[in-house]
Amino acid sequence: MIYYVTNQPVIFENNNIKHCTVEDSLKYLNKFKYIGVDTETEGLDPHTKRILSLQLGTYNNQFVIDASTVNLQKYKKLLEDPDKTFIFQNAKFDLKFLYHQRIVPSNIYDTMLAEMVLNTGIEGARKSLKYIAYKYWGVELDKEIRGKIITEGLSEKVIIYGADDVKYLKPIMYKQLKEIDKWDLRRALDLDNLFVKVLAYIEYCGIYLDKDK
């Protein structure tokens, strides 16, 4: 089920979307050790573009949080819980936007990095969520609306799109880890999942640059 967390009145035509409070979403999510995470944003720069929505969830239930009406600091304690692992696809991008909110997740698993570790040395190896969702689970994710999110806003289509981006992350992780362990690559993947937090912070902070030189 998809739950939309917002402080504005909304009526859904789609029966698969229901309204939810922050408290109820946290009550559900706090039960789990592994939680999928994703964001929809206005653009690529965390310093000048806003988070439109934060998605958190499991295979059974996904929560799309309207960042324009819900203070994301209410999810800070959850996202910084050292006893949980948060599953991202391309964590570096989302982490920079979370860092801008002063939210620093502890344990990261990145499905994109895992796919890159599994395919190191294979030219042209694919690693998009659309591809790996189909590779591991035969699921066809609809990415048509991706480039229209800024103009579309948090419509029902966008809410469903965002929810799907976290729904399959944990099942994909389990399939990937079987392959990772088969080839004895767990240490390499663990290092990448640690370093992505650092790299995201380096990119978020930027560097001093002498433009004349």
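Located above this text is the structure these notes cover.
Throughout what follows, the structure given in this document is the object of discussion.

**Focus: the packing of aromatic side chains**
- Scanning the model with the defined rule gives seven aromatic pairs in all.
- Ring geometry for Y59 and Y168: centres 5.9 Å apart, planes at 70°, overall edge-to-face. Of this pair, Y59 sits in the loop between β4 (51–57) and β5 (62–66) while Y168 sits in the loop between α7 (156–167) and α8 (169–182), placing them 109 residues apart in sequence.
- Taking relative accessible area as the criterion, Y59 reaches 43% and is therefore assigned partly exposed.
- Ring geometry for Y99 and Y201: centres 6.0 Å apart, planes at 75°, overall edge-to-face. With a gap of 102 residues between them, Y99 in helix α3 (residues 91–100) and Y201 in helix α9 (residues 186–205) connect regions that are remote in the sequence.
- Taking the relative accessible area as the measure of exposure, Y99 reaches 7% and is therefore buried.
- A network of ring pairs unites the aromatic residues Y3, Y28, F32 and F63 as a single cluster.
- The ring centre of Y59 lies 5.1 Å from the NZ or CZ of K167, which sits over that ring.

**Here we look at the nonpolar core**
- Ranked by internal contacts, the top residues of the largest apolar core, which has 31 residues, are L54, L56, Y75 and L79.
- Counting residues per element, the ones that place at least two in this core are α1 (22–29), β3 (34–41), β4, β5, α2 (76–79), β6 (85–88), α3 and α9.
- Broken down by element, the residue count for this core peaks at five residues, all from α3.
- Ignoring anything within four residues of it in the chain, the contact list for L54 reads V37, D38, T39, F63, V64, I65, L72, Y75, L79 and L98.
- Counting 18 residues, the second-largest nonpolar core is a separate cluster that includes V139, I172, M173 and L177.

Criteria and thresholds
- Residues numbered from 1 in each chain as written.
- Predicted model: local features only at pLDDT ≥ 70, side-chain atom pairs only at ≥ 80, totals over all residues.
- Heavy atoms only, no water.
- Phe/Tyr/Trp six-rings, centres within 6.5 Å; stacked < 30°, edge-to-face > 60°.
- Helix = DSSP H or I, 4+ residues; strand = E, 2+ residues; numbered from the N terminus.
- Buried < 20%, exposed > 50% of the residue type's maximum accessible area, 1.4 Å probe, protein only.
- Lys NZ or Arg CZ within 6 Å of the ring centre and 35° of its normal.
- Core = buried A, V, L, I, M, F, W, Y, C linked by side-chain atoms within 4.5 Å.
- Contact = heavy atoms within 4.5 Å.

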